[in-house]
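# Chains, contacts and geometry: an overview
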Amino acid sequence: MLIVPRSHRRPRLLRRLPAALLLGGLVWLGVRGAGPVPPLGALVDPWHGAWGLAATAELSPDAQASVPGLGSDVRVRYDDRAVPHIFANSETDVVRALGYVVARDRLFQLDLMARAGDGTLTELLGPRALPFDREVRQLGMSRAIDALAKSLPDTGAAVDRVRSYAAGVNGYLNALPERELPLEYRLLGRRPARWSERRTIAVVLRMGYVLTRNFTEAGRLAAAGAVGDRAAAALFPLHSPIQLPVQPAAGEPRRFPLIVPPPGPPDTAARVAALGQARAPRELGSNNWAIAPARTRSGKALLAGDPHLELSLPSIWYEAHLVVPGSLDVYGVTIPGLPAILIGFNRNVAWSFTNVEADLMDRWSEVVDDSVAPRHYRLDGGWQPVQVRREIYRGPTGDTLAVDTVRYTHRGPLALLGRRWVSLRWTALESGAEADLFQRAAHARTAAEWLAATARHQVPPQNMLVADRAGTIAIRSTGRFPLRAGDIPGDRLLDGSTRATDWIGNWAPADYPRAASPSQGFLVSANQEPQDPRDQPHYLGSSWPLPWRALRITQLLRQDSAATPMTVARWQTDPGSPRADLYLPYLVRAASNSPDTALQRAGRLLAAWDRRYTVENEGAVLFENALQAVTSRLWDELPAEAQPGAGVLVALLDDPANLWWDDRRTTDRVESRDDILAAGLLEGYQVTVRDHGAPELGGWRWSQVHRIDIWHPLHLPALSRLGLSVPGGPSTISPSSVTGGGEGASWRMVVELGTPIRAWATYPGGQSGNPFSARYDDRLTEWQQGRLAALHLPTSWADLPSGPSLELHPAP
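Below you will find a few notes about this structure. (Residues numbered from 1 in each chain as written. Predicted model: local features only at pLDDT ≥ 70, side-chain atom pairs only at ≥ 80, totals over all residues. Heavy atoms only, no water.)

## So, the overall build of the protein chain
Each helix and strand in the protein chain was counted, giving 23 helices and 34 strands. Principal-axis analysis of the C-alpha atoms gives the protein chain an extent of 85 × 70 × 60 Å. When burial is assessed residue by residue, the protein chain has 60% of its 812 residues classed as buried. Excluding contacts between residues fewer than 6 apart, the proportion of contacts in the protein chain whose partners are at least 24 apart in sequence is 71%. (Helix = DSSP H or I, 4+ residues; strand = E, 2+ residues; numbered from the N terminus. Buried < 20%, exposed > 50% of the residue type's maximum accessible area, 1.4 Å probe, protein only. Contact = heavy atoms within 4.5 Å.)

Okay, structure coming up:
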């Protein structure tokens, strides 16, 4: 049973035990200190220290507070999952109350999110945060926040909501007693900063930073420097070699031809231009899908969403229900710092997102007048002045830790990368606080109204999936997609000496990939290329992740023409892997042709694996080690910063004599595909035996090898949950790295669009940011086991079960 009743709770003793252990550890910490945290004797103060914090960890049965600016009383009741149901008489008041309750539960996280977006972490965390702050400011984020904050209008519903949210946060801060100051501030010896609309913009840019950075130009240049530009272009292809687009055509996957030329001579110019910024392509990501009424048992549309992000305690999401009678009734999750429900549903419509993975960052090689401290850059035969901004990084006591000079061209920030001065243009620097779009969209009564309300969303672009009670399902890849002059792809370093390479506008909304109620009866997005290459009007991106998750979701949907919420919830942690289905036969066949007994045994073990990443299986660890060994041998010609995505390996599997298969470390022979696959499988087997013992000893269980870590932002183990065993693995619907990874499903939701609407959800953590609270991690076991909780959807205050309540009154 995956959907658990609302009454599901851990026994009281088990809920209290972690807090008791944590308290003991913090008492020790207060005396001794640990790592970067100094000895803090104040932690053991019986009232103002950790003991006092533990005493106030749980919600009061009946609390009251005065909040400046409220138009009338607001009532909040917390259900048995600690979700606040906020009832107000105006939307301004409900947003103000949201700011208050988020601050009450997640104050340190609020502060940290804003500082991460603005590059001011050093003011809270000290010099250790300086590298991150420098990256953020050198990307131009702090400057962009200043400009966007200045551009906010003085009046209007959008700015009123942002300011009301800030007032709610500050209303909580104004009355915060010393004994309730969050633990993190006590450890750091700091106090929280006040909120402002500028800080909400910083949170928006932080999400843009997380979801839209890419380093394709750097990877391609590094590859060209090693094997030439022709080979590099194939290693970083414009299109995925397996096509199952978000915008369905016939709905069937197809292969897109990718010819991979052999390694060529190094490109000296590319090697000189190398940026040194490349990072390995991400293969993790988010999912959403919707099922039309004709393919569900109830005859009602179903929608499922599970965005995958870096996991943390507390979670990036905060769950809430906002009600203004006769106007607003929306349930879902918000990101602390944003004045709206981002993913969720109202009484008529449900929605969820996945990242489009479009290319929104372009880089130009600039000609400058001074290679050390440029003051001008060359443009169309003349010289243009470089704009200069001084960035000062301060420590917790206000002392200056460092000072940088960040330079700007008309395109954006200018930085010395490798041996070249390179400027950057990035859509995230030109878009403001767009959370207001989702507050307006929450009023939609149909899928069409919801899509119209979100049509102006810009950054980060999202595959916006929506379903309504009438049975309509629809999706649109929505955001700002730059138009390049001459449709020059943005995956290469551009010539900055001319405006002819500049952006010339944005895609027209009519060109956005989209679909509504397709004949196949379902829609799926999982970060795959949104549009068939034959239909794309302009360059959208490159080096797309392969559609493994979309393929598996589609397989499951095709096999079940009477889906239920329970089956959909189960699919969110389905352990099947089209990636394993594709690769494994090649590995087994290569082993069967070898006389090596160890290799033959490895092949038999792999052939016996059911290709599922369940916690008890004993084949996935061998497969992953073998595949890692294969790719290491295959890409021996490339530097570490130029590793291509999995699509190129897929293409090479059908080209067994391609010279990429040759191991350049051997001089007496030219290896073929099966030689490298066999050698990789043997190496993988040897590594697995070395690390985990013989297969019959039980050390190959996936649950013993595959673990994830959910860290607290301060990386204190006592506040984190580490070494968690979960089903799934690379490329499954619930993807995660093989070991030690920290990414996964940050929110799982299933909604049935009936009358009444029904919904189930969970996330890894809990509503409270207080580690002494039972609500700090009370959902974690539920999330690990792939279970969802039924959500309370009261239509009025009187429908709510009894629970802790909070009454907010206008300040006199």
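## Concerning the side chain of Thr554
Counting through the fold element by element, Thr554 comes out in helix α15 (residues 548-559). A relative accessible area of 8% means that Thr554 is categorised as buried. A distance of 2.8 Å separates a polar side-chain atom of Thr554 from the backbone oxygen of Ala550. Ignoring any residue separated from it by four or fewer positions in sequence, one finds Thr554 in contact with Leu244, Phe522 and Val524. (Polar contact = N/O pair within 3.5 Å; in protein donor to acceptor, adjacent residues only side chain to side chain.)

## Some words on the pattern of salt bridges
Counted under the stated rule, the structure contains 44 salt bridges. When the shortest N-O distance is used, the salt bridge between Asp532 and Arg534 registers 3.0 Å. Since its relative accessible area comes to 5%, Asp532 is described here as buried. The exposure class of Arg534 is exposed, given its relative accessible area of 60%. The salt bridge involving Glu683 is made with Arg633; its shortest N-O contact spans 3.0 Å. (Salt bridge = Lys/Arg side-chain N within 4 Å of Asp/Glu carboxyl O.)

## Overview of the packing of helix α6 (residues 141-150) against helix α9 (residues 197-212)
Look at α6 against α9: their axes get within 10 Å of each other, and the N-to-C directions meet at 135 degrees. In terms of orientation, α6 lies oblique with respect to α9. Seen along the crossing, α6 lies across α9 with a hand that is right-handed. Along its contact with α6, which presents Met141, Ser142, Ala144, Ile145, Asp146, Leu148 and Ala149, the element α9 presents Arg198, Ile201, Ala202, Leu205, Arg206 and Tyr209. Residues belonging to the contact of α6 with α9 are distributed by class as follows: nine nonpolar, one polar and three charged. (Axes fitted to C-alpha atoms, helices over the stretch in contact; angles between N-to-C directions. Parallel < 35°, antiparallel > 145°, perpendicular 65-115°, else oblique. Left-handed = near helix turned anticlockwise from the far one by under 90°. Nonpolar A, V, L, I, M, F, W, Y, C, P; charged D, E, K, R; others polar.)

## Description of the sheet that holds strand β26 (residues 514-516)
Strand pairs in the sheet, formed through backbone hydrogen bonds, run parallel or antiparallel to each other. Overall, mixed pairing links the eleven strands, which are arranged β2-β34-β3-β4-β10-β11-β12-β13-β21-β22-β26 in an open sheet. At either margin of the open sheet sits one strand with a lone partner, and together these are β2 (62-67) and β26. Each strand axis lies, on average, 20 degrees off the axis of its neighbour in the sheet, ignoring direction. The sheet contact formed by strand β4 (residues 84-87) and strand β10 (residues 318-324) spans three bridges and is parallel. Bridge pairing in β10 places His85 opposite His321. (Pairing = 2+ DSSP bridges.)

## Looking at the environment of Asp111
Secondary-structure assignment places Asp111 in helix α3 (residues 91-118). Residue Asp111 is classed as buried on the basis of its relative accessible area of 2%. Counting along the chain gives 82 residues from Asp111 to Ala193, while the straight-line C-alpha distance between them is 6.7 Å. Beyond its immediate sequence surroundings of up to four residues, Asp111 is in contact with Leu124, Tyr185, Pro192, Ala193, Trp195 and Arg199.

## Observations regarding the side chain of Gln520
Position of Gln520 among the secondary structure elements: in the loop between β26 and β27 (522-525). The exposure class assigned to Gln520 is buried, which follows from its relative accessible area of 15%.

## A look at the packing of helix α17 (residues 578-592) against helix α21 (residues 673-692)
Two numbers describe a pair of packed helices, the interaxial angle and the distance between the axes. Axis separation between α17 and α21 bottoms out at 8 Å; the angle between their running directions is 90 degrees. One finds that α17 runs roughly perpendicular with respect to α21. Residues Tyr586, Leu587, Ala590 and Ala591 of α17 form the contact with α21, whose own contacting residues are Arg673, Asp674, Leu677, Ala678 and Leu681. A breakdown of the residues in the contact of α17 with α21 according to their chemical character gives seven nonpolar, no polar and two charged.

## A look at the sheet that holds strand β18 (residues 400-408)
Spatially, the six strands line up as an open sheet ordered β17-β18-β19-β20-β14-β24, and their pairing is mixed. Looking at which strands have only one partner, the edges of the open sheet turn out to be β17 (387-394) and β24 (494-495). Pairing of β17 with β18, which is carried by eight bridges, proceeds in the antiparallel orientation. Each residue of the ladder has a partner; that of Arg389, found in β18, is Val406. The sheet contacts of helix α5 (residues 130-138) involve β17, β18 and β19 (413-417), and relative to β18 the element is tilted by about 25 degrees.

## Focus: helix α10 (residues 216-227)
For α10, which comprises twelve residues, the first-to-last C-alpha distance of 16 Å matches the rise-based estimate of 16 Å (1.5 Å per residue) to within 8%. A large share of α10 lies buried, amounting to twelve of its twelve residues. When we look at burial in α10, the residues that qualify are Thr216, Glu217, Ala218, Gly219, Arg220, Leu221, Ala222, Ala223, Ala224, Gly225, Ala226 and Val227. Two residues or fewer past α10, Gly228 is found with a positive phi of approximately 90 degrees. (Expected span 1.5 Å × (residues − 1).)

## As for the packing of aromatic side chains
One pass over the structure, following the stated rule, counts 17 aromatic pairs. Measuring from centroid to centroid gives 5.9 Å for Phe87 and Trp797, while their planes differ by 90 degrees, and the two rings are edge-to-face. Here Trp797 lies in the loop between β33 (788-790) and β34 (805-810) and Phe87 lies in strand β4, a separation of 710 residues in the sequence. Accessibility classification places Phe87 together with Trp797 in one group, the buried group. Between Tyr613 and Trp702, the aromatic rings sit 5.3 Å apart at their centres with planes inclined by 70 degrees, giving edge-to-face as the arrangement. One end of the pair, Tyr613, is in the loop between α18 (597-608) and α19 (620-634); the other, Trp702, is in helix α22 (residues 702-705), with 89 residues separating them in the sequence. The aromatic ring of Tyr586 is capped on one face by Arg589, whose charged end is 5.2 Å from the ring centroid. Arg779 extends its terminal NZ or CZ atom over the ring of Tyr763, reaching a point 4.4 Å from the ring centre. (Phe/Tyr/Trp six-rings, centres within 6.5 Å; stacked < 30°, edge-to-face > 60°. Lys NZ or Arg CZ within 6 Å of the ring centre and 35° of its normal.)

## Section: the nonpolar core
By size, the foremost hydrophobic cluster in this structure holds 113 residues, and its most contacted members are Phe345 and Trp450. Beyond its immediate sequence surroundings of up to four residues, Phe345 is in contact with Asp329, Val330, Tyr331, Ala350, Trp351, Met749, Val751, Ile757, Ala759, Leu791 and Leu793. Core analysis: the second largest hydrophobic core is formed by 86 residues, Ala218, Ala550, Ala580 and Trp609 among them. (Core = buried A, V, L, I, M, F, W, Y, C linked by side-chain atoms within 4.5 Å.)

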